[in-house]
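Fold and geometry: a report
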Amino acid sequence: MKILVCISHVPDTTAKISFVNDNKDYNKEGQQFIIGPNEELALTSAIDIKEAKGGTITAITVGQAEVEPTLRKALAMGADDAFRVNAEPKDALNVATQIAEVIKSNAYDIIITGRESIDYNGGQVGEMIAEILDIASVSGVNNLELEEGKATLQREIDGGFEKIECEFPLVLSGQKGIAAEPKIPAMRGIMMARRKPLNIVEPIAFEDATVVLEHSLPESKAACTMVDPEDMTELVRLLHEEAKVI
Amino acid sequence: MSVLVYTENWDGQFKKLSFELVSYARTIANQMSTDVVALSIGELADDELAKLSNYGADKILNLASEDYKEFNAQHYSNAIFEASKKEQSNVLIFANNIRTRAIAPRTTVKLDAGFVSGCVAAPESVEPFIVSKKAYSGKAFARVQINKDNKILSLNQNSFGINEDAKTANIEAFDCPISASKSKVIELKKNTGKMSVLDAEILVSGGRGLKKAENFALLEESTEILGATATVACTKPVADLEWRPHSEHVGQTGKVVAPNLYFAVGISGAIQHLAGITSSKVIVSINSDKDAPIFEASDYGVIGDAMEVMPKLNAALKAFKENM
């Protein structure tokens, strides 16, 4: 089983967000960057597959040299090798095109992404890769079982859940449930990661389909109206008469 | 030119979000002085289909073929692509949920389009095409320009609203042959009775402050009093402890919700949880810790032990409902 895991390099989930350069760019000053929580689970599920069935795991991300520590962490967790496509990831279609290009020359059985990156929350790249390569895809997978020649996946959908059978190669995006807890790299893994191959690939020419012009922060809420815990009738009155939500 | 909107249905009826999507498409079509074409996939009665015209659809394409009975990302995205070619649509509108996340990116590749997901408002301009979306899991917004002739937008539920704008629309049968399947749904289970946290208008959500799974009965009681559009939600730790199912987990790695009313009961307000609830219209928090960060994100706050406050709240809600 040859598995490719697409990793995003994103600010820590607890990061306080701010912007620089006329609100065009994310303020990286003093911020810690991590493997996105969904991709951390995606990578962990790949490690589970490898442990059960054997195979190899490759991690890939599109980014400048600054993303290499994140890829090294993926190697420390258990990926065998890694690719960094040397480009600034600004647009999902561009990122998907770059990754698809790498896949064309390295046939993988399963390509796993996270449900969404936690910066732009698009959840687009995996499905775009599948379409570019004309292969099957399943998004938002909570559970994955592999058999000879096919994969059985479960996912929650709005209003229910479905079980899907899929042939290889296949792209899936994983989320909560696909692996128990994200794997924490052991010291041995961290030492070994330094010697594992991290290959740098130059991007193919592709114009961004979308451009972020600027960012803004949500307006802060007006002060919270405190209500006496003994007087819930008053709270209900406020919700009905003032907020008009019940 | 036209704006094509992909609508969604469940059990023979349009989901409420479909009316919001058509309203959104109508606004964009007005900005571009063009028509709204709504595409429905699945078996719906004509009077149900005609409802889309109440919100501004000029034409309704009805794909009722048996081949589309089960959801398949490749087939669905291809049908949408074919519909957009037929209608010469250069703007396509989708919801932003698990299923559309499978089909909108594929349609983007087919149309060589620019795709902005998670939009929260109508485009501020259509020439150039600039639209705002949520970013950083609700912690920020981004203004994005699309530099392609074809534009695809997915709209966050409850961020635009439903506007009535009655048109006279024709319902036109539409079909599109399917290719061999690379994947198939082998089992589909529908939740019975309970509304999903994404569709609910009122969420009564509990955190670790509720101390044990059994105490969620107090929250269930509130949702019963509040009616069919209310349901229980929870935080990540609560789902991890298996007090509640993961389908109810609201937050950065769970569901991002936008109800009219969100009760945060025994929830301290970790930044990852807040990311999932900031689009709620009104937030009420009940917490024994007066310094809990949840109060900063709330419209109404009650400082008190959830186990003591909830029975009083339920009694007050009950009295209110009985007097209505």
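Residues numbered from 1 in each chain as written. Chains lettered and ligands numbered in written order. Predicted model: local features only at pLDDT ≥ 70, side-chain atom pairs only at ≥ 80, totals over all residues.

**Things to note about the overall build of chain B**
Looking only at helices and strands, one finds eight helices and 18 strands in chain B. Across the 324 residues that make up chain B, the buried fraction comes to 56%. (Helix = DSSP H or I, 4+ residues; strand = E, 2+ residues; numbered from the N terminus. Buried ≥ 20, exposed ≤ 12 C-beta atoms within 10 Å, placed from the backbone.)

**Section: helix α3 (residues 73–86) of chain B**
Residue and element names in this part refer to chain B. Counted at 1.5 Å a residue, the expected span for α3 with its 14 residues is 20 Å, and the 20 Å between its end C-alpha atoms agrees. Where burial is concerned, most of α3 is hidden: eleven out of the 14 residues are buried. Buried residues of α3: Ala 73, Gln 74, His 75, Tyr 76, Ser 77, Asn 78, Ala 79, Ile 80, Phe 81, Ala 83 and Ser 84, and no others. Trailing α3 by a residue or two, Gln 88 shows a phi angle of about 50 degrees, which is positive. (Expected span 1.5 Å × (residues − 1).)

**Looking at the nonpolar core**
Counting 120 residues, the largest nonpolar core has Val5(A), Ala59(A), Ile129(A), Val5(B), Leu39(B) and Ile93(B) as the members making the most contacts within it. Element by element, the count of residues in this core is highest for helix α1 (residues 16–32) of chain B, at eight residues. Residues within four places of Val5(A) in sequence aside, it is in contact with Glu39(A), Ala42(A), Leu43(A), Ala46(A), Ile57(A), Ala59(A), Ala79(A) and Ile112(A). If you look at the next biggest cluster of nonpolar residues, it comprises 51 residues, including Met232(A), Ala230(B), Ala233(B) and Val265(B). (Core = buried A, V, L, I, M, F, W, Y, C linked by C-beta atoms within 7 Å. Contact = placed C-beta atoms within 7 Å.)

**Considerations on the pairing of strand β12 (residues 170–174) of chain A**
All names here are of chain A. With five of five residues buried, β12 lies mostly within the body of the structure. As defined by bridge partners, strand β8 (residues 110–114) adjoins β12 across five bridges and the pair is classed as parallel. The residue bridging Gly 114 from the neighbouring strand is Gly 174, located in β12. (Pairing = 2+ DSSP bridges.)

**Considering the environment of Glu145(A)**
All names here are of chain A. Considering the arrangement of structural elements, one finds Glu 145 in strand β9 (residues 136–147). When the 12 C-beta atoms within 10 Å are taken as the criterion, Glu 145 is described as exposed. Separated by 128 residues in the primary sequence, Glu 145 and Ile 17 have C-alpha atoms spaced 38 Å apart.

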